[in-house]
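Breakdown of the fold
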Amino acid sequence: MLSIALAGKPNAGKSTFYKAATMADVDVGNYPFTTIDPNRGVTHARTDCPCLDREERCGNENCHDGKRYVPVELLDVAGLVPGAHEGKGLGNQFLDELTNADVIVNVVDASGGTNAEGEPVDIGTHDPIEDVDFIEEEMDLWLAGIVDRNWEGIERKSRSPDFDMDDALSDMLTGFGAGPADVQAVLREMAYPADPKNWTDDDRETLARLVRERTKPIVVVANKMDVAPEENVEKLLALDKPVIPATAEGELALRKGAEAGVVDYDPGDADFEILGDVTDAQRDRLQGLRDAMTEYGGTGVQSAIDYAVYDLLDRITLFPVQDQSKWTDAKGNVLPDAFLLPRESTPVDLAYAVHSDIGDGYLHAVDARSGRDVGEDRELEEGDVVKIVSTAS
């Protein structure tokens, strides 16, 4: 399962975002370090379900009338403060939690209602732009520190006649999620001394930054958009990086309202319908939320998750089935599973994603829409429904 980590300073709304995205019961408080131990839960990326191409919807619990929700892990890490890479605010502990994530969602308080340390201040008195880069900087400096502390080992290895820089750095950085291909790509971008003993601090910091950019891409969530000064949101959107305006509190209210039958709303919808009786105050609050959603295309919570999965990680959704005509598994469940695989994945990759035995015994695959065999080297596309034929199936 893909893993998304929420990062940001304290009190930016990470735990509210997490609760809204997972509907898990977590502590949400208006004070720094509400979260100490990371929360782990399951959220979903949203895509179109292939059942839209059939006469009837599939009925899968993760399909809401053709809106398919694909599970991904969501990790809520405690707030980071400037100096986290030096251990300030238990920063090293919290940064360690980010190492296994595939992508980072940086939750920023767009309202400017919290200072750099995450303490409440008057709305509009803190510049949220300052909160955007510091997460990247803290992660880069933290990783640079790890590289620096382990560099003596790289120098020792370099004395061996069969020393290989790519292999040595891959061994050192594997815990950060950087594989050999990542290290090779990063080194191709750098101009660096052949002898590790001649590397400077700047060389190591450049290595750390490029590795982080490649293995931990970041999308910024401009949270609290519904109460933020308009100029704050505009400044954030003007940045040369992906920024998603959001209201985690608004998403949480709609999710709870949908559970209670008060509103008709699915995560990622651009609007909602009021179904039940609400007070005048509740109606006013919902209308204010609707105005913000109309301006920005929704609450932003689902959009941020989808951007992280489908844009930053460049994943596609694939649907393996056993019966190519009915699109079912052996038990008759229609479109039972959905897998998020890297773009350019083949039927063989999908077979291994289903189970290693299925991959080992791979024979051929069938495009369930056309009923035709597809080559094992064919690049699959978003929403493909595929029957895998294997000696293990």
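Residues numbered from 1 in each chain as written. Predicted model: local features only at pLDDT ≥ 70, side-chain atom pairs only at ≥ 80, totals over all residues. Heavy atoms only, no water.

**Some remarks on the packing of aromatic side chains**
Inspection of every chain in the model, using the stated rule, returns three aromatic pairs. In this structure an aromatic cluster arises from ring pairing among Trp151, Tyr192 and Trp199. The cationic tip of Arg54 hangs over the ring face of Trp327; the distance from NZ or CZ to the ring centre is 4.5 Å. A cation sits over an aromatic face here: Lys216 above Phe176, 4.5 Å from the ring centre. (Phe/Tyr/Trp six-rings, centres within 6.5 Å; stacked < 30°, edge-to-face > 60°. Lys NZ or Arg CZ within 6 Å of the ring centre and 35° of its normal.)

**Overview of a negative patch on the surface**
A surface patch of negative charge is lined by Glu230, Glu231, Glu234, Asp291 and Glu295. At the level of secondary structure, the elements contributing two or more residues to the negative patch comprise α7 (230-237) and α9 (280-296). Considering each element in turn, the negative patch owes the most residues, three residues, to α7. Looking at where Glu295 falls in the secondary structure, it is placed in helix α9. (Patch = residues over 30% accessible without salt bridge, like charges linked within 9 Å, V, L, I, M, F, W, Y side chains within 5 Å. Areas by Shrake-Rupley, 256 points an atom, 1.4 Å probe, with all protein chains shown as cover. Salt bridge = Lys/Arg side-chain N within 4 Å of Asp/Glu carboxyl O. Lys, Arg positive; Asp, Glu negative; His and termini not counted. Charge placed at Lys NZ, Arg CZ, Asp CG, Glu CD. Helix = DSSP H or I, 4+ residues; strand = E, 2+ residues; numbered from the N terminus.)

**Considerations on the side chain of Ser170**
Summarising the element assignment, Ser170 is placed in helix α4 (residues 165-173). The class for Ser170 is buried, based on a relative accessible area of 8%. A polar contact of 2.8 Å, which involves the side chain of Ser170, links it to the backbone oxygen of Asp166. Not counting the four nearest positions on each side in its chain, Ser170 is found in contact with Ala178, Gly179, Pro180 and Val183. (Buried < 20%, exposed > 50% of the residue type's maximum accessible area, 1.4 Å probe, protein only. Polar contact = N/O pair within 3.5 Å; in protein donor to acceptor, adjacent residues only side chain to side chain. Contact = heavy atoms within 4.5 Å.)

**A look at the packing of α4 against helix α5 (residues 180-189)**
One way to put it is that α4 packs onto α5 with a least axis distance of 9 Å and a crossing angle of 120°. Regarding the angle of α4 to α5, the classification is oblique. In the packing of α4 onto α5, the handedness of the crossing is right-handed. Residues Met165, Asp166, Leu169, Ser170 and Leu173 of α4 lie in contact with α5, whose contacting residues are Pro180, Val183, Gln184 and Leu187. Of the residues assigned to the contact of α4 with α5, the class counts are six nonpolar, two polar and one charged. (Axes fitted to C-alpha atoms, helices over the stretch in contact; angles between N-to-C directions. Parallel < 35°, antiparallel > 145°, perpendicular 65-115°, else oblique. Left-handed = near helix turned anticlockwise from the far one by under 90°. Nonpolar A, V, L, I, M, F, W, Y, C, P; charged D, E, K, R; others polar.)

**Topic: the pattern of salt bridges**
If you walk through the whole model with that rule in mind, you get 25 salt bridges. Between Arg212 and Asp140 there is a salt bridge, and its shortest N-O distance comes to 2.8 Å. Here Arg212, found in helix α6 (residues 201-215), pairs with Asp140, found in helix α3 (residues 129-157); they are 72 residues apart in sequence, far enough to count as distant. Arg212 sits in the buried class, given a relative accessible area of 3%. Note on Asp140: relative accessible area 13%, which makes it buried. What you see here is one network of salt bridges that share partners, running through Asp133, Glu136, Asp140, Arg212 and Lys241.

**As for helix α1 (residues 14-22)**
Where burial is concerned, most of α1 is hidden: nine out of the nine residues are buried. Residues of α1 that are buried include every one of Lys14, Ser15, Thr16, Phe17, Tyr18, Lys19, Ala20, Ala21 and Thr22, and no others. Just downstream of α1, Met23 is the residue with a positive phi angle, here 55°.

**Points about the confidence of the model for the chain**
Taken as a whole, the chain shows an average pLDDT of 91; of its residues, 93% reach a score of 70 or greater. Overall, residues 29-35 carries pLDDT values under 50, and its contacts beyond four positions in sequence, including any with other chains, amount to 19 contacts. (pLDDT = per-residue confidence, 0-100.)

**Observations regarding the sheet that holds strand β13 (residues 372-374)**
Read from one edge to the other, the open sheet built from five strands follows the order β11-β10-β14-β12-β13, with strand pairing classed as mixed. The sheet is open, and its two borders are formed by β11 (339-342) and β13, each paired with just one other strand. The mean angle between the axes of side-by-side strands here comes to 45°, regardless of whether they run parallel or antiparallel. Pairing analysis gives three bridges linking strand β10 (residues 315-321) to strand β14 (residues 385-390), with the strands arranged parallel. Each residue of the ladder has a partner; that of Val321, found in β14, is Lys387. Lying on the sheet, helix α11 (residues 347-354) is in contact with β10, β11, β12 (362-367), β13 and β14; it crosses β11 at an angle near 135°. (Pairing = 2+ DSSP bridges.)

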